[in-house]
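Here's the letter readout for the chains.
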Amino acid sequence: MRIALFILISLYSMLGHTQKSFKPNVLLEDFDFAVSELQLRHQGFYQYVEKETVDQQIADLRSTIERPMTRLEFYQLMRRLVALMNEGHGSVDLPKGARTKIGLSRSFLPLTVRFLDDKLIVTQNFGAEVEGLTKGAQLLSINGIPISTILKKLLPLIASDGFNETSKYEWIGSINLSLLYRLVYGKQKDFQLEIIDFETRKQKKITTPAIRFTAFKSKNAKLGSKSFNYTKFTFEQINDSIAYLSIPSFGEDTMDYEAFYRKQFRKIDSLNIKHLILDIQDNGGGTEGNENLLFSYLSSETIQKYKKVTMLLTPYEKNKNSKDYKLDKWERKGAIAERGKFTLYSDYYSDLGYTKPEQAYIYEDKLYILISGWTFSGGAEFASLIKMSDRGIFIGEEVGGAYEGNVSGYSQTIQLPRTKIKIDIPTVHFQINVNPEVKGRGVMPDYRVPQTWEDYMNSTNTKFEFAKRLILEN
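In this text the structure is predicted, and so the values were computed from the model without any measurement. (Residues numbered from 1 in each chain as written. Predicted model: local features only at pLDDT ≥ 70, side-chain atom pairs only at ≥ 80, totals over all residues. Heavy atoms only, no water.)

A few words on the sheet that holds strand β16 (residues 366–371). Taking strand neighbours across the sheet as the criterion, the six strands line up as β10-β11-β12-β16-β17-β22 in an open arrangement whose pairing is mixed. Since the sheet does not close on itself, it has two edges, and those belong to β10 (234–237) and β22 (447–448), each with one partner. The pairing of strand β17 (residues 393–396) with β22 spans two bridges and is parallel. Residue pairing in the sheet places I395 in a bridge with Y447 of β22. (Pairing = 2+ DSSP bridges. Helix = DSSP H or I, 4+ residues; strand = E, 2+ residues; numbered from the N terminus.)

Evaluation of the coordinates by the stated rule reveals 27 aromatic pairs. Through successive ring pairs, a cluster of aromatic residues spans F233, Y257, F260, Y261, F265 and Y297. (Phe/Tyr/Trp six-rings, centres within 6.5 Å; stacked < 30°, edge-to-face > 60°.)

Moving on: the side chain of T427. Structurally, the position occupied by T427 is in the loop between β20 (422–425) and β21 (428–432). Relative accessible area serves as the criterion here: at 0%, T427 is assigned to the buried category. Polar contacts involving the side chain of T427 include one to the main-chain carbonyl oxygen of Y410, which spans 2.9 Å. Excluding anything up to four places from it in sequence, T427 contacts R41, Q43, T310, M311, L312, P315, V407, S408, G409, Y410 and Q412. (Buried < 20%, exposed > 50% of the residue type's maximum accessible area, 1.4 Å probe, protein only. Polar contact = N/O pair within 3.5 Å; in protein donor to acceptor, adjacent residues only side chain to side chain. Contact = heavy atoms within 4.5 Å.)

Bringing the confidence of the model for the protein into the picture now. Any region with low pLDDT has predicted coordinates that should not be read closely. Residues with a pLDDT of 70 or more make up 94% of the protein, whose mean pLDDT is 92. Taken as a whole, residues 1–18 scores under 50 in pLDDT and shows 78 contacts with residues more than four places along the chain or in a different chain. (pLDDT = per-residue confidence, 0-100.)

It is worth spelling out the pairing of strand β19 (residues 412–415) at this point. Only one face of β19 is covered, namely the one carrying Q412 and I414; the face carrying T413 and Q415 has none of its residues buried. Note: β19 against β20, four bridges, orientation antiparallel. Its bridge partner lying in β20, T413 is registered against D424. As consecutive antiparallel partners, β19 and β20 are separated by six residues, and within that stretch K420 has a phi angle of approximately 65 degrees, a positive value.

Strand order in the open sheet made by the five strands is β14-β15-β13-β21-β18, with antiparallel pairing throughout. In this open sheet, the two edge strands, each paired with only one partner strand, are β14 (331–333) and β18 (405–408). Neighbour-to-neighbour, the strand axes of this sheet turn through a mean angle of 30 degrees, independent of strand direction. Here strand β13 (residues 306–312) runs beside strand β15 (residues 336–338); their pairing, made up of three bridges, is antiparallel. If you follow L312 over to β15, its bridge partner there is I336. Sheet strands in contact with helix α13 (residues 378–388) are β13, β18 and β21, and its direction is about 25 degrees off that of β21. (Axes fitted to C-alpha atoms, helices over the stretch in contact; angles between N-to-C directions.)

The final tally for this structure, using the stated rule, is 20 salt bridges. As a salt-bridge pair, E398 and R441 come within 2.6 Å of each other at their nearest N and O atoms. Of this pair, E398 sits in the loop between β17 and β18 while R441 sits in the loop between β21 and β22, and the two are 43 residues apart along the sequence. Exposure remark for E398: the relative accessible area of 7% places this residue in the buried category. Classification of R441 as partly exposed rests on a relative accessible area of 29%. When salt bridges that share partners are traced, they join E291, K305 and E381 into one network. (Salt bridge = Lys/Arg side-chain N within 4 Å of Asp/Glu carboxyl O.)

All of the buried residues in helix α6 (residues 147–154) are I147, I150, L151 and L154. Around the axis of α6, the buried residues are gathered within 100 degrees of arc, so they sit on the same side. Next to the buried residues of α6 lie β4 (111–116), β5 (119–125), β6 (138–142), β7 (145–146), α7 (166–171) and α8 (176–185). (Arc of directions from axis to C-beta.)

Turning next to helix α15 (residues 462–472). Among the residues of α15, T462, K463, F464, A467, K468, L470 and I471 are the ones counted as buried. Here α15 starts with a cap whose side-chain oxygen sits 3.3 Å from the backbone nitrogen of K463, and that cap is N461.

This paragraph deals with the packing of helix α2 (residues 24–41) against helix α4 (residues 71–83). In contact at an axis separation of 11 Å, α2 and α4 are set at 25 degrees when each is read in the N-to-C sense. Taken together, the axis directions place α2 and α4 in an arrangement best described as roughly parallel. Helix-helix and strand crossings are classified by hand; for α2 and α4 the assignment is right-handed. Of α4, the residues touching α2 (which contributes L27, D30, F31, A34, V35 and L38) are F74, L77, M78 and L81. Partitioned by chemical class, the residues of the contact of α2 with α4 number nine nonpolar, no polar and one charged. (Parallel < 35°, antiparallel > 145°, perpendicular 65-115°, else oblique. Left-handed = near helix turned anticlockwise from the far one by under 90°. Nonpolar A, V, L, I, M, F, W, Y, C, P; charged D, E, K, R; others polar.)

Relative to the helices and strands, K232 resides in the loop between β9 (203–209) and β10. With 13 residues separating them along the chain, K232 and L245 place their C-alpha atoms 9.7 Å apart. What K232 contacts, discounting residues up to four positions off in sequence, is S246 and P248.

Attention now moves to the environment of E465. Tracing the chain through its elements places E465 in helix α15. Looking at E465, the relative accessible area reads 25%, which means it is partly exposed. For the pair E465 and G186, spaced 279 residues apart in the sequence, the C-alpha separation amounts to 42 Å.

What follows is the structure, encoded as structure tokens:
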């Protein structure tokens, strides 16, 4: 069982900050402990970058510990360390018990945001009603600092697979811009914003007061909400030959995936659909097996999905006698442990008890996959299955997860001995059976189609509309 673990900063993390400073020798002890534990448990450090280069980057980070730091400052350093692994799973968290004034102080930007191509758009205001601050306004600067400059400071704190950028731009959305801005730029009483209004396209300056973190609640939202078809499990017949199917997650606990897939593909067969638009642009992953079963409804061929599924010996030795490890036939082989060969194929459904689809309901006609930087973990692995089997046409933006796999699952949490910062370390290396010319990138679209500003304001799924036009024009 494998769940995507890429929540950027938890509520406890941002509440958990004290002004106590730690001496350099104490911080160095924690830094070295973190590096050692990561190297013992995680296989990501040298996956995309040569060892000599990564070791130098680690040494450069270590050399910055020359003066006392607060826990919050050292927390930023730990985020940078974890980001060097070029792996988007896992997390860094401050201790729950270290709660102080930061979360309760009025110091947070009251907005949630979203990147639409290269534009940072206001999606909600949880603070005071401010004249001129409307939904869809484009943010140009905060307190006189251009958004491009702010991003240069914030993006390095977000880990991603390989050298991917689209996932970072997705994950800095919602409340995460406010959280990371507070982390890096400190306490602010109010925010001077430079914006472009959507309706008038005029540039203006406005000021909005800061809010407490606890004010980010739906009851405080001042702007209207928008909904899109890709955020729900949706089937829609477009015309006699075209259908749309949205799978926004592989980890919905209340979803009976086997029953849902069976129902929809029986319907697709009965309607004689020739063009299926499959939308995974909102799919951040979930439980291993759900993506494989979906692929089984799209191809009669069983393919080798993984070259290997491996784990370092430290996490393996801790859990080698567990039921799940025995079920998957984990076995020590030299300096690593490997999962059983039968788990490497596209018809492996983990311990979910699924059966292969009936041949009559396997869809083999034209397939169009809608993707984005939010497509991650199991969602990205599904995109890799489609890509490696040349099964469909990709429309959207570069997939957020790496084409060649990830390190995730069976996470283990360590606590740094002095600062008590916690690092959640995924331990299983899922190596997709591909050899890309360019490593560390997600599946690329055949047609690059970002969500547009105009379509967002009209609650229109840009990628979906493009796919329909593409089908109808050919």
